[in-house]
Amino acid sequence: MDDGESVDSGGLVDNGGPVEGRRLRGGLGAAVGLALAVAAALLLGRSWSACDVGVNDAANSGFLLWLFIPGLWASLLFAWVAVGALLAGRPLLRAVALAVTLLGVVWCAVSLGWEGAATPACPGGLPRWWPGFVPAPGL
């Protein structure tokens, strides 16, 4: 090893090799999962606030901040690792499968918390700002 590369006991190169690639993808998965979880919580909280759903904004935001975001983040990380492990040798298929899987997990999580009941603030069960061409979440 004259060129300064360090090798661990398993034979993997630490300087830019497979170990660094896994760390990079793991960090990217954590960042993407957190961004999607926060975006889903913001969407759900805004719809609850617009339709006057729940106890009050403080109770709703406490649930979203302390239970919904960490739970969804853990689910998204699990999905990231599972899809990455199953499709490790196929980068293009893995990227498409990750996008579809992560968006599906977010859609299901938002659907579980979506209150589609008609309220005085939302007569059709949808907030006024919800675009008509996007189907409402719900299972």
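Rules and cut-offs
Residues numbered from 1 in each chain as written. Predicted model: local features only at pLDDT ≥ 70, side-chain atom pairs only at ≥ 80, totals over all residues. Heavy atoms only, no water. Helix = DSSP H or I, 4+ residues; strand = E, 2+ residues; numbered from the N terminus. Contact = heavy atoms within 4.5 Å. Expected span 1.5 Å × (residues − 1). Bend = angle between axes of the 7 residues up to and from the residue. Axes fitted to C-alpha atoms, helices over the stretch in contact; angles between N-to-C directions. Parallel < 35°, antiparallel > 145°, perpendicular 65-115°, else oblique. Left-handed = near helix turned anticlockwise from the far one by under 90°. Nonpolar A, V, L, I, M, F, W, Y, C, P; charged D, E, K, R; others polar. Disulfide = S-S within 2.5 Å. Buried < 20%, exposed > 50% of the residue type's maximum accessible area, 1.4 Å probe, protein only. Patch = residues over 30% accessible without salt bridge, like charges linked within 9 Å, V, L, I, M, F, W, Y side chains within 5 Å. Areas by Shrake-Rupley, 256 points an atom, 1.4 Å probe, with all protein chains shown as cover. Salt bridge = Lys/Arg side-chain N within 4 Å of Asp/Glu carboxyl O. Polar contact = N/O pair within 3.5 Å; in protein donor to acceptor, adjacent residues only side chain to side chain.

### Describing the overall build of the protein chain
Move 1: A tally of regular secondary structure across the protein chain gives three helices and zero strands.
Move 2: Secondary structure of the protein chain in N-to-C order comes out as α-α-α.
Move 3: For the protein chain, the share of sequence-separated contacts (at least 6 apart) that also reach a separation of at least 24 residues comes to 57%.

### A few points about helix H2 (residues 57-86)
Move 1: Given a rise of 1.5 Å per residue, 30 residues ought to cover 44 Å, and the 41 Å separating the end C-alpha atoms of H2 matches this to within 8%.
Move 2: The sharpest bend along H2 reaches about 35° and sits at Leu64.

### What about the packing of H2 against helix H3 (residues 91-113)?
Move 1: H3 packs onto H2 with a crossing angle of 155° between their chain directions and a minimal axis gap of 10 Å. Classified by the interaxial angle, the pair formed by H2 and H3 is roughly antiparallel. Taken as a pair, H2 and H3 cross one another with a handedness that is right-handed. Each of Phe68, Leu72, Ser75, Leu76, Ala79, Trp80, Val83 and Gly84 in H2 lies in contact with H3, whose residues at this interface are Arg94, Ala97, Leu98, Thr101, Leu102, Val105, Val106 and Ala109.
Move 2: In terms of residue class, the contact of H2 with H3 is made up of twelve nonpolar, three polar and one charged.

### As for the state of the cysteines
Move 1: What the rule picks out here adds up to one disulfide.
Move 2: At a sulfur-sulfur separation of 2.0 Å, the disulfide partner of Cys51 is Cys122. Disulfide Cys51 to Cys122: torsion about the S-S bond roughly -95°, handedness left-handed. On the criterion of sequence distance, the pair formed by Cys51 in helix H1 (residues 18-51) and Cys122 in the segment after H3 is long-range, its members being 71 residues apart.

### With respect to H3
Move 1: If you check H3, its first and last C-alpha atoms are 33 Å apart, about what 23 residues at 1.5 Å a residue would give, namely 33 Å.
Move 2: Along H3, the residues classified as buried are Arg94, Ala97, Leu98, Leu102, Val106, Ala109, Val110 and Ser111.

### Some points on a nonpolar patch on the surface
Move 1: Together, Phe63, Leu65, Trp66 and Leu67 give the surface a local cluster of nonpolar side chains, amounting to about 480 Å² of exposed area.
Move 2: Relative to the helices and strands, Leu65 is located in helix H2.

### Quick notes on the environment of Arg128
Move 1: Residue placement: Arg128 occurs in the segment after H3.
Move 2: Considering only alpha carbons, one finds Arg128 and Ala50, 78 residues apart in sequence, at a separation of 8.0 Å.

### Regarding the side chain of Ser47
Move 1: Note that Ser47 resides in helix H1.
Move 2: Look at Ser47 and you get buried, because its relative accessible area is 4%.
Move 3: Side-chain polar atoms of Ser47 contact the backbone oxygen of Leu44, separated by 2.8 Å.
Move 4: With sequence-adjacent residues up to four places away left out, Ser47 is seen in contact with Trp114, Pro127 and Trp129.

### Section: unusual backbone geometry
Move 1: In this structure, Asp52 takes a positive phi of about 55° despite not being glycine.
Move 2: Note on placement: Asp52 falls in the loop between H1 and H2.
Move 3: With relative accessibility at 65%, the residue Asp52 sits in the exposed group.

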